[in-house]
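The chain contents come next:
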Amino acid sequence: MSKITICYWSGTGNTENIANLVAEGAKEAGAEVTMVQPWDTSADDLAACDKIAFGCPAMGDEQLETEDFQPLWDDVKDKLKGKKIALFGSYNWNSGEWMDTWAQEAAQTGATLVADGLAILDSPEPGSDEEDDAKALGAALAKA
Ligand SMILES: Cc1cc2nc3c(=O)[nH]c(=O)nc-3n(C[C@H](O)[C@H](O)[C@H](O)COP(=O)(O)O)c2cc1C
């Protein structure tokens, strides 16, 4: 069975909602899913996983969240070579530029991004395309 770790940070719950949909899609595709937040895990823990979905909203000025998520990302990014990964997160007032920057950086780690980084305005509405996109991201990682 495919094993996936979803590591996310969410201040007001929007990225958490996306994380739950990514998990749902992955489970529907047959994967076993573990969900962690930055303070529950470490770069070494994540480096022991073959498939990881990272979630973080746009914070600062088109940046990752600086206190908890960015330090973990900085520690883990040199350990991602050969792994299958996916990126997702919520944004609100720009157009998702933080995700473009993050995805470019992730591509340089030697990891394979199984799909384009998924940037969703606020939180997916029930029955929306965004909800389907989040589930599809989880399924893509499960099948990768
Ligand atoms: C301190 C702070 C900085 C933010 N910076 C950006 C930003 O640069 N670009 C953007 O589109 N949204 C920005 N936002 C909006 C958040 O990305 C948005 O509210 C998102 O839904 C929060 O996700 P969460 O509920 O998972 O914490 C910012 C929000 C906060 C509180």
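These figures come from a predicted structure and were not determined experimentally.

The rules we used
- Residues numbered from 1 in each chain as written.
- Predicted model: local features only at pLDDT ≥ 70, side-chain atom pairs only at ≥ 80, totals over all residues.
- Heavy atoms only, no water.
- Near = heavy atom within 4 Å.
- Polar contact = N/O pair within 3.5 Å; in protein donor to acceptor, adjacent residues only side chain to side chain.
- Areas by Shrake-Rupley, 256 points an atom, 1.4 Å probe, with all protein chains shown as cover.
- Helix = DSSP H or I, 4+ residues; strand = E, 2+ residues; numbered from the N terminus.
- Nonpolar A, V, L, I, M, F, W, Y, C, P; charged D, E, K, R; others polar.
- Buried < 20%, exposed > 50% of the residue type's maximum accessible area, 1.4 Å probe, protein only.
- Arc of directions from axis to C-beta.
- Contact = heavy atoms within 4.5 Å.
- Salt bridge = Lys/Arg side-chain N within 4 Å of Asp/Glu carboxyl O.
- Phe/Tyr/Trp six-rings, centres within 6.5 Å; stacked < 30°, edge-to-face > 60°.

Visitor: Just checking my understanding: could you explain the site of the ligand for this structure?
Guide: The ligand sits among 18 residues. The nearest are Ser10, Thr12, Ala58, Glu62 and Ser90. Contact between the ligand and Ser90: an oxygen atom at 2.6 Å from a side-chain N or O atom of the residue. Starting from 640 Å² of accessible surface for the ligand in isolation, the protein chains cover 80%. Broken down by secondary-structure element, the contributors of at least two residues to the shell around the ligand are helix H1 (14-28) and strand S4 (84-91). In terms of residue class, the shell around the ligand is built from six nonpolar, ten polar and two charged.

Visitor: Looking at this structure, how should I read helix H4 (residues 97-107)?
Guide: Each α-helix winds once per 3.6 residues, and so residues spaced three or four apart point in a common direction. Buried within H4 are the following residues: Trp98, Met99, Trp102, Ala103 and Ala106. One face of H4 carries all of its buried residues, which in axial projection span an arc of 125 degrees.

Visitor: Looking at this structure, how should I read the side chain of Ser123?
Guide: Note that Ser123 resides in the loop between strand S6 (118-121) and helix H5 (129-143). Engagement of the side chain of Ser123 in a polar contact is seen with the side chain of Asn17, the distance being 2.8 Å. Not counting residues within four places of it along the chain, the set of residues in contact with Ser123 comprises Asn14 and Asn17.

Visitor: Whenever I open this one, the pattern of salt bridges confuses me. Can you help?
Guide: Between side chains of opposite charge, a pair can form as their charged atoms come close. Following the criterion strictly, the structure yields four salt bridges and no others. Between Asp74 and Lys77 there is a salt bridge, with the nearest N and O atoms lying 3.4 Å from each other. On the basis of relative accessibility, which here comes to 34%, the residue Asp74 falls in the partly exposed class. Several salt bridges share partner residues, and in doing so they unite Asp74, Lys77 and Glu105 into one network.

Visitor: Looking at this model, I keep getting lost on the packing of aromatic side chains. Mind explaining?
Guide: Geometry of an aromatic ring pair is reported as the spacing of the ring centres plus the angle between the planes. By the definition in use, this model includes five aromatic pairs. Between the aromatic rings of Phe54 and Phe69, the centroid separation amounts to 6.5 Å while the plane-to-plane angle is 85 degrees, which identifies the pairing as edge-to-face. Taken as a pair, Phe54 in strand S3 (residues 51-55) and Phe69 in helix H3 (residues 69-76) lie far apart in primary sequence, 15 residues in all. Ring centres 5.6 Å apart and planes at 85 degrees place the aromatic pair Phe69 and Trp102 in the edge-to-face group.

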